[in-house]
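The chain contents come next:
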Amino acid sequence: MGKPWKCGDCGKGYTCPSRLEIHQRSHTGERPFSCCVCGKGFTQSSELRTHQLVHTGERPFTCSVCRKGFTQSSSLQKHQRVHTGKKPFTCCVCGKRFSQLSNQQRHQRVLMLVGFVILDFTVLQRMHRSINLSESSEESLKSALKGFFISVSYFLLYNHNASDGD
């Protein structure tokens, strides 16, 4: 089955009109469901129900291992990977595995950024070879490029190992 209900603003398609209506609120800014305690508005009634747990302190989803409580079942599922050791998200560049999608995405963004920087370094090296420089200028350029590459290497090492969260 296709997606016959299309958004007039962005063209995104939906299989049912109620989903389109919810989506259109992202364009209009409409938030028809308001919290009676703090006044915060929401695009969907389910978001409001989840939010209201903040005020009641209720945490209906509990980890069977450590008894930690969560307001959403998806948060509990993410947490349970701490106990199981599951890492279902894999970096397509280096194969490193992650327990949370957000950590994998951040890791890949860093690798992509470093890849662009290394590519720039390669271009600089080619430019250096194509220009006739005096020996002292050549040495200072080589020194600068070496320092640049060392900085990139430390950046990659730190972001590849220390800040992945997995």
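In this report, the structure presented in the accompanying data block is examined.

The rules we used
Residues numbered from 1 in each chain as written. Predicted model: local features only at pLDDT ≥ 70, side-chain atom pairs only at ≥ 80, totals over all residues. Heavy atoms only, no water. Salt bridge = Lys/Arg side-chain N within 4 Å of Asp/Glu carboxyl O. Buried < 20%, exposed > 50% of the residue type's maximum accessible area, 1.4 Å probe, protein only. Helix = DSSP H or I, 4+ residues; strand = E, 2+ residues; numbered from the N terminus. Expected span 1.5 Å × (residues − 1). Contact = heavy atoms within 4.5 Å. Polar contact = N/O pair within 3.5 Å; in protein donor to acceptor, adjacent residues only side chain to side chain.

**Some remarks on the pattern of salt bridges**
Under the definition given, this model contains two salt bridges. The partner of Arg25 in a salt bridge is Glu30, with the nearest N and O atoms 3.9 Å apart. On the basis of relative accessible area, Arg25 is assigned to the buried category, the value being 10%. Residue Glu30 is classed as partly exposed on the basis of its relative accessible area, which comes to 43%. It is possible to trace a salt-bridge network through shared partners that takes in Glu21, Arg25 and Glu30.

**Some words on helix α2 (residues 45-56)**
An ideal rise of 1.5 Å per residue puts 16 Å on twelve residues; α2 measures up with 17 Å between its terminal C-alpha atoms. Those residues of α2 that are buried are in contact with β3 (33-34) and β4 (41-42). Two residues or fewer past α2, Gly57 is found with a positive phi of approximately 80°.

**What to know about the side chain of Gln104**
Among the structural elements, Gln104 can be located in helix α4 (residues 101-130). For Gln104, a relative accessible area of 10% corresponds to the buried category. For Gln104, the side chain forms a polar contact with the main-chain oxygen of Thr90, separated by 3.0 Å. In terms of polar contacts, Gln104 uses its side chain to reach the side chain of Gln108, at 2.9 Å. Excluding residues within four positions of it along the chain, Gln104 makes contact with Phe89, Thr90, Cys91 and Phe98.

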